[in-house]
Amino acid sequence: MKRNRRTSAVAVLTLAALVTGTGAGFAATTTPSATPVATHAFGTAPATATAPTQSFHGALPAPTGPYAAGEDVIHLTDESRPDPWVPSSGPRQLTVTMVYPAVPGTGTPAPYMTLGEAAGILQRRNVPASSGVTPESLSAVTTHAFGGARPQRGKHPLVVLSPSSENPRMTLTSLATDLASHGYVVALVGHTYEDSGETLANGQTPPCAICDDPTLDFDAEAVNRARDESFVIDQLTHGNTTWPLAHLIDKHEIGTAGHSLGGAAAADTMIADPRVRAGVNMDGTFHPVPTPGQIDRPFLMLGIADSHTPGSGDGIVWDRAWAALGGYKKWLTVTGADHFIFSDLDLLLEQAGFPTPPFSPERGVAITREYVTAFFDQTLKGIHSPLLDGPSPNNPDVVFQR
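Here is what the cut-offs are and how they apply
Residues numbered from 1 in each chain as written. Predicted model: local features only at pLDDT ≥ 70, side-chain atom pairs only at ≥ 80, totals over all residues. Heavy atoms only, no water. Disulfide = S-S within 2.5 Å. Buried < 20%, exposed > 50% of the residue type's maximum accessible area, 1.4 Å probe, protein only. Helix = DSSP H or I, 4+ residues; strand = E, 2+ residues; numbered from the N terminus. Contact = heavy atoms within 4.5 Å. Polar contact = N/O pair within 3.5 Å; in protein donor to acceptor, adjacent residues only side chain to side chain. Expected span 1.5 Å × (residues − 1).

(A) Representation of the state of the cysteines in the model. Inspection of the entire model under this criterion finds one disulfide. Sulfur-sulfur distance for the disulfide between Cys208 and Cys211 comes to 2.0 Å. Across the S-S bond of Cys208 and Cys211 the torsion is about 95°, and the bridge reads as right-handed. Residue classification places Cys211 among the buried positions, given a relative accessible area of 8%.

(B) Representation of the environment of Thr379 in the model. Tracing the backbone through its elements, the reader meets Thr379 in helix 9 (residues 361–380). Along the chain, Thr379 and Gly279 lie 100 residues apart, while their C-alpha atoms are 9.4 Å from each other. Once residues within four sequence positions are removed from consideration, Thr379 is found in contact with Glu253, Arg277, Ala278, Pro298 and Tyr328. Within polar-contact distance, the side chain of Thr379 engages the backbone oxygen of Phe375 at 2.8 Å.

(C) Spatial organisation of helix 4 (residues 218–236). Along its 19 residues, helix 4 runs 27 Å from first to last C-alpha, staying within 8% of the 27 Å computed at 1.5 Å per residue. Counting buried residues in helix 4 gives 15 out of 19 residues, a clear majority hidden from the surface. The N-cap of helix 4, judged by a side-chain oxygen 3.3 Å from the amide nitrogen of Asp219 a few residues on, is Asp217.

Treat this as a map of the structure, not an account of what it does.
Below is the structure:
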């Protein structure tokens, strides 16, 4: 499939007026949490929108679990693999935000992203200065994550997260901090050269190299993301040289989840990497669609009703994927929601004073957190979650399709 903007991949980008959208040898460094940090991406404002004049002060919802969310940012280099998009840059480099269960009251507030990442977003999305959104205010979005926080004792399942097409890793920060607060170590993977910019170990923030390439298909990008995820898992489960807190990870309990193209990458990672025991696709078309026997472990398909109802639209693709899945599986849709409810984007758009889709962004974040956490609790921790048994009176907008 060519890289045209499909509903399943980037969906309502025009509605996201402001807030858009491994191997052998390696070199790793840890960046203090006061510099590169969690993330999101702002989108192009519609021509009819009136830009707000107030200053932007964004804040993500506080985590709902009993633990605080600690945060580190690490940099990895896969010496065995040249960068697929810019081979002249050398081996594949990745920036990864690690979010982990921490002791409340320890550490210092972590920024949302680096100034370089924030500037890259605003430049790519042509956000006007009159919007009140600056690199400084975007970087300063409250994340409720804390750099240098003291970790909780014990071992915890690892969940690897991949964002939507053209959007940096920070777009899934709300989900990452909540998972950490419920006892998960989370790796937010920045896919270099695939979005508005990820700050690398050398301090540079290279722009997207493939976003405007009409010849690139989603299959190639999703499969490359799966390679990124497996490399990150390699480095996090082979001692503490990559990340000093790697001892927190239970290497036998690993899951992956992603939004849009990141959801396709979650499926591809499960196909390629048997260490991953459970996966979640949040509103993404499968690239490629799995075949019977490729995924025989638990999988959750969580999408919006407009795009992913069985028998219509991209739901037809999900029908094929559903038939191929061999393990415990659920297919849920959210009625009335838009593509970006599974990320931070609609929420930050609303806080910046721009028009938002009718579905409550706060509600979208809550649904995403609740159902993804319940799924991983059941599949990685062995904790039965009644939430996954069927429709809930507390969540009438969540429909159990299958």
